[in-house]
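# An overview of the molecular structure
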Amino acid sequence: MTDTTISPPEADAGPTLTPHAALKHVVMLVNPLSGSVGPRAADEAEAILAGYDLKAEVMTFEGGNFDQIIADAFAAEPDVIFVLAGDGTARSVASKAQPDGPMIAPLPGGTMNMLPKALYGTADWKLALKRALEEGEPQAVSGGEVQGEYFYCAAILGSPALWAPAREAMRTGKIKLAWQYGRRALKRAFSGRLRFTLDGGEKRRTEALVLISPMISKAMEDPIGLEAAAMDPSDTTQAFRLAATALFSDWRQDPAVSTRPAKLIEVRARSKIPAVIDGEPLLLKPEAVIRFVPKAFKALAPRPPSAEDSI
């Protein structure tokens with residue numbers, strides 16, 4: 001771990017800190033091996049933070065001891081923890097903070113960057129850092145939780161989740177990897193249906209279930225629950241179309257999709273359920289319970305959040 005403490009400048013000749021939050025001490029976690037971060041990111045972060053009138057510590061993930069470094073960041077008791085790392089690391093830090101912890105500012109350093117882009121409207125971590133420092137204010141971020149894993153943007157459950165890695169690999173130009181993911185998805189796709197209930201209501205079946213946080217849902221104005229979108233194609237052709245367009249374009253207008261808000265979602269399947277939560281693929285148990293968390297953590301972000309990836 002590299003821990004660099006940056007002293008505030010002698011004179012206030014630099015940019016002005018946000019008037020909406022008291023920022024005197026910040027910690028920034030940097031993983032130079034993650035996504036779009038790069039080996040120079042820690043030095044660049046130090047240079048940027050040195051221009052503001054605050055105490056700043058830059059901690060670099062080295063040797064894989066992520067848990068200890070994250071613990072050290074919280075032990076420093078900063079006003080805000082910036083996270084320049086992968087999507088999974090950003091989720092881990094945010095979930096550890098909880099509502100009563102320090103503010104969290106997840107910068108775009110991963111692959112999909114769903115949460116950073118929702119908060120700051122950019123995939124440029126330097127611009128996101130600047131927006132947080134100069135325009136940010138404390139904001140309660142809602143989300144969901146399933147099997148101890150938190151998500152703050154969206155969760156995809158069911159066969160379309162298998163296509164997410166292929167779609168992301170294609171987007172980043174990794175054609176060979178996209179083909180490998182696609183072949184794997186084809187072998188497993190549409191092999192089983194989900195059974196689910198929303199807030200204890202009637203039992204339903206669906207091919208896939210998408211759960212979207214109020215922060216990025218175009219259909220929800222208030223944080224009253226997760227937007228639950230059931231995708232129920234009638235045949236394979238329609239299923240492929242939904243898998244290709246899930247979370248894009250005018251998918252809510254598709255007759256195979258129905259949506260409503262929910263606070264407690266129970267899902268069952270015959271085998272483990274493929275899922276993608278905030279861009280991270282995982283397998284859920286055959287019986288999964290997803291709950292809405294109205295105040296999951298406090299973010300430092302402009303108001304309202306940029307929500308570039310509203311869906």
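Scroll up to find the structure this text is about.
It should be emphasised that the depicted structure is a prediction, and the values quoted were computed from it without experimental measurement.

Turning to the overall build of the protein, a few remarks are in order. Counting its secondary structure elements, the protein contains eight helices and 17 strands. Looking at the protein as a whole, 53% of its 311 residues qualify as buried. Here the analysis covers contacts within the protein between residues at least 6 apart in sequence; of these, 72% occur between residues at least 24 apart. Accessible surface, the protein as shown: approximately 14,400 Å² in total, 50% of it carbon and sulfur.

Counting residues in hydrophobic clusters, the biggest one holds 67 residues, and the most contacted among them are Met28, Leu29 and Phe82. Look past the residues within four positions of Met28 in its chain and what remains in contact with it is Ala45, Leu49, Glu57, Val58, Met59, Phe82, Leu84, Leu107, Trp125 and Leu129. Of all hydrophobic cores here, the second largest spans 23 residues; its members include Leu157, Leu194, Leu209 and Ile290.

This model, assessed by the stated rule, comprises eight salt bridges. With a closest N to O distance of 3.3 Å, Glu149 and Arg91 form a salt bridge. A residue pair is termed long-range when its members are at least 10 positions apart, and Glu149 in strand 7 (residues 149–151) and Arg91 in helix 3 (residues 87–97) qualify at 58 residues. A residue is classified by how much of its surface remains accessible, and Glu149, at 33% relative accessible area, is partly exposed. As a salt-bridge pair, Arg291 and Glu145 come within 2.8 Å of each other at their nearest N and O atoms. Of this pair, Arg291 sits in strand 17 (residues 287–301) while Glu145 sits in strand 6 (residues 137–146), and the two are 146 residues apart along the sequence. Looking at Glu145, the relative accessible area reads 12%, which means it is buried.

With that settled, consider the environment of Gln98. Here Gln98 is to be found in the loop between helix 3 and strand 5 (103–108). In this structure the C-alpha to C-alpha distance between Gln98 and Lys298, which are 200 residues apart in sequence, comes to 7.5 Å. Setting aside chain neighbours within four positions, we find Gln98 in contact with Tyr150, Ala296, Phe297 and Lys298.

This part covers the pairing of strand 9 (residues 194–198). Along strand 9, four of the five residues are buried, which leaves the element largely enclosed by surrounding structure. Strand direction decides the pairing type here: strand 9 and strand 10 (residues 204–206), joined by three bridges, are antiparallel. Residue pairing for strand 10: Arg195 is matched across the bridge by Arg205. What sits between strand 9 and strand 10 in their antiparallel hairpin is a turn of five residues, with Asp199 showing a positive phi close to 55°.

On to the packing of helix 2 (residues 66–75) against helix 3. Two elements in contact, helix 2 and helix 3, have axes whose closest approach is 11 Å; the angle formed by their N-to-C orientations is 45°. Judged on the interaxial angle alone, helix 3 and helix 2 are oblique. By crossing handedness, the relation of helix 2 to helix 3 is classed as right-handed. Along its contact with helix 2, which presents Phe66, Ile70 and Phe74, the element helix 3 presents Thr89, Val93, Lys96 and Ala97. Within the contact of helix 2 with helix 3, the residues separate by chemical class into five nonpolar, one polar and one charged.

Contact geometry of helix 1 (residues 41–49) with helix 5 (residues 125–135) gives a least axis separation of 11 Å together with a crossing angle of 30°. With respect to helix 5, the element helix 1 is oriented roughly parallel. Relative to helix 5, the crossing made by helix 1 is right-handed. Touching Ala41, Glu44, Ala45, Ile48 and Leu49 of helix 1 are Trp125, Lys126, Leu129 and Leu133, all from helix 5.

Let us now look at the packing of aromatic side chains. What describes a pair of aromatic rings is the distance from one ring centre to the other and the angle between the planes of the rings. Summed over all chains, the structure comprises two aromatic pairs. Ring centres 4.3 Å apart and planes at 25° place the aromatic pair Phe61 and Phe66 in the stacked group. The exposure class of Phe66 is partly exposed, given its relative accessible area of 25%. Seen from their ring centres, Tyr152 and Phe297 are 4.8 Å apart, and the 75° between their planes marks the pair as edge-to-face. With a gap of 145 residues between them, Tyr152 in the loop between strand 7 and strand 8 (154–158) and Phe297 in strand 17 connect regions that are remote in the sequence. Its end group placed over the ring of Phe74, Lys96 keeps NZ or CZ at 5.4 Å from the ring centre.

Conventions and cut-offs
- Think of each chain on its own: its residues are numbered from 1, step by step along the sequence as written.
- Only residues with pLDDT of 70 or above have their local features reported here, since the model is predicted, and side-chain atom pairs are shown and tallied only from 80 upward, although totals for entire chains, interfaces and linings are computed over all residues.
- Water and hydrogen atoms were dropped before computing side-chain values, which therefore reflect all heavy atoms in the structure.
- The numbering of helices and of strands both runs from the N terminus, where a helix is a DSSP run of H or I of at least 4 residues and a strand a run of E of at least 2.
- Relative accessibility under 20% of the residue-type maximum defines a buried residue, over 50% an exposed one, and the middle range a partly exposed one, all with a 1.4 Å probe and only protein chains included.
- It only takes one pair of heavy atoms within 4.5 Å for two residues to be counted as in contact.
- Shrake-Rupley sampling with a 1.4 Å probe provides the accessible areas, and residues are treated as covered by the protein chains on show and by no other component.
- Joining through side-chain atoms within 4.5 Å is the link that ties buried Ala, Val, Leu, Ile, Met, Phe, Trp, Tyr and Cys residues into a set, and such a set is a nonpolar core.
- Salt bridges, as used here, are contacts in which a Lys or Arg side-chain nitrogen is within 4 Å of a carboxyl oxygen on Asp or Glu.
- DSSP calls a pair of strands paired once it identifies at least 2 bridges connecting them.
- Axis definition: a line fit to C-alpha positions, over the contact stretch in the case of helices; interaxial angles, taken between N-to-C directions, run 0 to 180 degrees.
- Each angle is binned into one of four classes, with values under 35 degrees roughly parallel, values over 145 roughly antiparallel, values of 65 to 115 roughly perpendicular, and all other values oblique.
- Crossing handedness is defined as follows: a turn of the near helix away from the far one that is anticlockwise and smaller than a right angle gives a left-handed crossing, while the clockwise case is right-handed.
- Think of it as three bins: nonpolar holds Ala, Val, Leu, Ile, Met, Phe, Trp, Tyr, Cys and Pro, charged holds Asp, Glu, Lys and Arg, and polar takes everything else, Gly as well.
- Aromatic contacts are taken between Phe, Tyr and Trp rings whose centres are within 6.5 Å, Trp giving its six-membered ring; a plane angle under 30 degrees counts as stacked, one over 60 as edge-to-face, and the others as tilted.
- A ring has a charge above it when a Lys NZ or an Arg CZ is no more than 6 Å from the ring centre and no more than 35 degrees off the ring normal.

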